[in-house]
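For reference, the chains in residue letters:
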Amino acid sequence: MVWVCFIFLFSKIKSSFGRYEPPQPFSEGLPESEIVFSPYDPFFAHGTTKKTIGFIDADGENLEVVFFNIAGGSAILWPRNYLTYVNGPRWNSNGDELVFTISDVSPNVRVIDSDGFMHGKDCVDIDLAGYHLEFNDDGSVIAWISELNSGYEQLAGSEISDDEQLIVKYDVMSCQVIEKLKVPISAEYWLHDINLSKYYLSVMILDTNKSRFNMLERPYKTLLINNETGDVKEFIGVHPSQSDDGTLLAYFDYSGYLVVENLLDGTKKILETTITEDDDFEFICRPGWSSDNQWVVFNDRAGDIYKLNIKTKEMVYITEGFCPDWR
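Everything in this summary refers to the structure shown in the same document. Computed from a prediction, not measured in an experiment: that's the story for all the values here.

### Thoughts on the sheet that holds strand β3 (residues 64-66)
Logical step 1: Pairing in this open sheet of four strands is antiparallel, and the strands run β3-β2-β1-β24 from one edge to the other. Unpaired on one side and paired on the other, β3 and β24 (322-326) mark the two borders of the sheet. Strand after strand, the sheet turns through a mean of 20° between neighbouring axes, direction not considered.
Logical step 2: Relative to strand β2 (residues 53-56), strand β1 (residues 35-38) runs antiparallel, the two sharing three bridges. The residue bridging V36 from the neighbouring strand is F55, located in β2.

### A word on the pairing of strand β13 (residues 200-207)
Logical step 1: Burial analysis of β13 places eight of its eight residues in the buried class, the great majority of the element.
Logical step 2: Note: strand β12 (residues 189-196) against β13, seven bridges, orientation antiparallel. Pairing of Y189 across the sheet is with D207, part of β13.
Logical step 3: Between β12 and β13, which pair antiparallel one after the other, the connecting turn spans three residues.
Logical step 4: Here β13 runs beside strand β14 (residues 220-226); their pairing, made up of seven bridges, is antiparallel. From the neighbouring strand, I205 faces β14, where its bridge partner is K221.

### Considerations on the state of the cysteines
Logical step 1: Scanning all chains against the criterion turns up two disulfides.
Logical step 2: When the cysteines of the protein chain that form disulfides are numbered from the N-terminus onward, they connect as 1-2, 3-4.

### Quick look at the packing of aromatic side chains
Logical step 1: By the definition in use, this model includes 10 aromatic pairs.
Logical step 2: Ring geometry for F26 against F68: centres 5.7 Å apart, planes inclined by 75°, an arrangement best described as edge-to-face. Here F26 is found in the loop between α1 (2-16) and β1, whereas its partner F68 is found in the loop between β3 and β4 (87-91), with 42 residues between them in sequence.
Logical step 3: The exposure class assigned to F68 is buried, which follows from its relative accessible area of 5%.

### Side note on the pattern of salt bridges
Logical step 1: Evaluated as defined, the whole model comprises eight salt bridges.
Logical step 2: Linking R90 and E134 is a salt bridge whose minimum nitrogen-to-oxygen distance equals 3.6 Å. With a gap of 44 residues between them, R90 in strand β4 and E134 in strand β8 (residues 129-135) connect regions that are remote in the sequence.
Logical step 3: Counted as one network, the salt bridges with shared partners bring together R90, E134, D193, R286 and D325.

### Quick look at the nonpolar core
Logical step 1: With 21 residues, the main nonpolar core has F252, L258 and F281 as its most contacted residues.
Logical step 2: For this core, the secondary structure elements donating two or more residues are β13, β17 (248-252), β18 (258-262), β21 (295-299) and β22 (304-309).
Logical step 3: Considering each element in turn, this core owes the most residues, three residues, to β17.
Logical step 4: Counting 19 residues, the second-largest nonpolar core is a separate cluster that includes I126, A143, I145 and V172.

### So, the side chain of Q242
Logical step 1: Within the fold, Q242 resides in strand β16 (residues 238-242).
Logical step 2: When its relative accessible area of 8% is taken as the criterion, Q242 is described as buried.
Logical step 3: Side chain to side chain, Q242 and S197 meet in a polar contact 2.7 Å long.
Logical step 4: For Q242, the side chain forms a polar contact with the main-chain oxygen of Y200, separated by 3.2 Å.
Logical step 5: Setting aside its immediate chain neighbours within four residues, Q242 contacts N195, L196, S197, Y200, L201, S202, L248, L249, L263 and W289.

### Quick word on the sheet that holds strand β20 (residues 288-289)
Strands pair in a sheet through their backbones, by hydrogen bonds, and they do so in one of two ways: parallel or antiparallel.
Logical step 1: What the four strands build is an open sheet, ordered β20-β21-β22-β23; its pairing is antiparallel. Every interior strand has two partners, whereas the edge strands, β20 and β23 (315-320), have only one.
Logical step 2: Relative to β21, β20 is paired through two bridges, and the arrangement is antiparallel. By the bridge assignment for β21, W289 is matched with V296.

The rules behind these values
Residues numbered from 1 in each chain as written. Predicted model: local features only at pLDDT ≥ 70, side-chain atom pairs only at ≥ 80, totals over all residues. Heavy atoms only, no water. Pairing = 2+ DSSP bridges. Helix = DSSP H or I, 4+ residues; strand = E, 2+ residues; numbered from the N terminus. Axes fitted to C-alpha atoms, helices over the stretch in contact; angles between N-to-C directions. Buried < 20%, exposed > 50% of the residue type's maximum accessible area, 1.4 Å probe, protein only. Disulfide = S-S within 2.5 Å. Phe/Tyr/Trp six-rings, centres within 6.5 Å; stacked < 30°, edge-to-face > 60°. Salt bridge = Lys/Arg side-chain N within 4 Å of Asp/Glu carboxyl O. Core = buried A, V, L, I, M, F, W, Y, C linked by side-chain atoms within 4.5 Å. Polar contact = N/O pair within 3.5 Å; in protein donor to acceptor, adjacent residues only side chain to side chain. Contact = heavy atoms within 4.5 Å.

Below, the structure is given as structure tokens:
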């Protein structure tokens, strides 16, 4: 009984000190490496870890895995925090800022700027859903606002019908919603992997009536929404990723092949990967594009990262990790 009381009081005291995060985890600015990745998968990396985020060049050189506090714990009583790893890190279009999410903590989004400063801890009024967020061209973050999340009612009001869901452009630096986007997706679906280009909004959706861990049920599909006309194209595909110029769309089919579609003329290429139809796509992230649109980088279920040339089909192992993105 004494120990129970002590643990309870200790947790209360500890929580009163708040979460400790370094304001500038990269004192000399972000590393210059081309590829960023998470050292752990999003489900089984629990507790205090020794790796937060990783960087490596596309040729496999200059590997740098960095450790710093993100969430949980007290700077005085518990200097090591509960969660120290990132989910789904993504570069902005200029390659000088990073966005990522953290699990089971609110607020759950962080942005690291070009000077190495981290932002987002003060954005307590809203929860942005999804492991894998994306920068918009204006520097805001594209995210889904679930009706279960804080801030939904105030944002949505009576503007959202039962057959629509809410996506926002969110400025993490100022903790403000820049723009609200209504998308024609019913409430029975959860939204993942949202990409917005000058031509299309691509969204991977999960049917909540199916198990997200049973790929035989085909729980995921992708919607491609034309920004100008609002027309919706629906197809079976997992983890869609648009190239920076918005002309190419890469996604996985349920056999593990990478499909690369030219959004201007509709032509497709089918590329073999190390992913199989038996793999759980919850542990695989959307591919990241090289700046010249010649390569994509991806991870497989085993946590191996490869780069794949979409013209020659050459595939090269880079390192271990998850959710890579190319600068």
